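# Topology and contacts: notes
Below, each chain spelled out in residue letters.
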Amino acid sequence: MRIEIVQGDATKMAVDVLALKYAQERFGLDALVFERLIAAGHISDRLSPAPGEARLVSSPPGLLAREVLFVGTGPLGSLDYLGIRVLARNIASALSRLVPLVETLVLTVHGVNYGLDEAESFGAMIAGFADAVDSAEAPKHLRVISFAETNPGRARRLQALLIQLLPGGLLQPAFSADRSANSRERLRSVGYASESKPHVFV
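Cut-offs used in this document
Residues numbered from 1 in each chain as written. Predicted model: local features only at pLDDT ≥ 70, side-chain atom pairs only at ≥ 80, totals over all residues. Heavy atoms only, no water. Helix = DSSP H or I, 4+ residues; strand = E, 2+ residues; numbered from the N terminus. Contact = heavy atoms within 4.5 Å. Areas by Shrake-Rupley, 256 points an atom, 1.4 Å probe, with all protein chains shown as cover. Phe/Tyr/Trp six-rings, centres within 6.5 Å; stacked < 30°, edge-to-face > 60°. Buried < 20%, exposed > 50% of the residue type's maximum accessible area, 1.4 Å probe, protein only. Pairing = 2+ DSSP bridges. Axes fitted to C-alpha atoms, helices over the stretch in contact; angles between N-to-C directions.

Looking only at helices and strands, one finds five helices and six strands in the chain. For the chain, the N- to C-terminal ordering of α and β elements is β-β-α-β-β-α-β-α-β-α-α. A sequence separation of at least 24 residues applies to 72% of the contacts in the chain between residues at least 6 apart. Total accessible area computed for the chain in this model is approximately 9,600 Å², and 54% of it derives from carbon and sulfur atoms.

Here it is in structure tokens:
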């Protein structure tokens, strides 16, 4: 499957599924989409999965994605890099169960708006999808995962990081010749090794 960075609004992308986290409260994009779903007649409990669980609903008016997937996590304050890695794997696994024929997915990089490092967060998400591919949990027909980013500077930085993590932007199984040893090691350790790195809060 191909990973890409798209500068723009995730709600304006015509894809099969828009994936969002639910951190037991509403924040940012998931709060906006939730409000639109409630206005369209959806029931709140159907949009509020427990950690590790997922809910799939048809998109409300104004969203170009065909369906919306909410995946539950722990509270935002406890969502670290490893939790983000697990979130990405859970998104892929939930898609396999709920939308097995999904081909296109859009989501945002989680963690960047509540104090986590954007590079570590993005790497953790790529690693989570790689975990799903390696364990055969990813949807077999999924061909494009788009990370939507409205901030132009961050979009450029993430694009540069993507080239380092996945030259060519293709996510291959762990032992594929197309996944370099460097890339394999980086994806293996991100999330697990992140907490041992020096931190600073500004």
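Let us now look at the packing of aromatic side chains. Evaluated as defined, the whole model comprises two aromatic pairs. On the numbers, 5.1 Å between centres and 80 degrees between planes, the contact of phenylalanine 122 with phenylalanine 147 is edge-to-face. Of the two residues, phenylalanine 122 sits in helix H3 (residues 118-134) while phenylalanine 147 sits in strand E6 (residues 144-149), which places them 25 residues apart along the sequence. Neither residue differs from the other here; phenylalanine 122 and phenylalanine 147 are each classed as buried. Here phenylalanine 129 and phenylalanine 147 contribute two aromatic rings whose centre-to-centre distance is 6.4 Å and whose plane-to-plane angle is 75 degrees, an arrangement assigned as edge-to-face. In this pair, phenylalanine 129 is assigned in helix H3 and phenylalanine 147 in strand E6, connecting sequence segments 18 residues apart.

Before going further, it helps to spend a moment on the sheet that holds strand E5 (residues 104-107). On the basis of which strands lie adjacent, the open sheet formed by six strands has the order E1-E6-E5-E2-E4-E3 and mixed pairing. Bordering the open sheet on either side are strand E1 (2-7) and strand E3 (54-58), each of which pairs with just one other strand. The average undirected angle you get between the axes of adjacent strands in this sheet is 25 degrees. Alignment of strand E2 (residues 17-22) against strand E4 (residues 67-72), held across six bridges, turns out to be parallel. Across the sheet, the residue bridging to leucine 20 is phenylalanine 70, located in E4. Packing of helix H2 (residues 81-98) onto the sheet brings it into contact with E2, E3, E4 and E5, and relative to E4 it is tilted by some 130 degrees. Against the sheet, helix H4 (residues 152-165) makes contact with E1 and E6, and its axis sits at roughly 160 degrees relative to E1, the strand it touches most.

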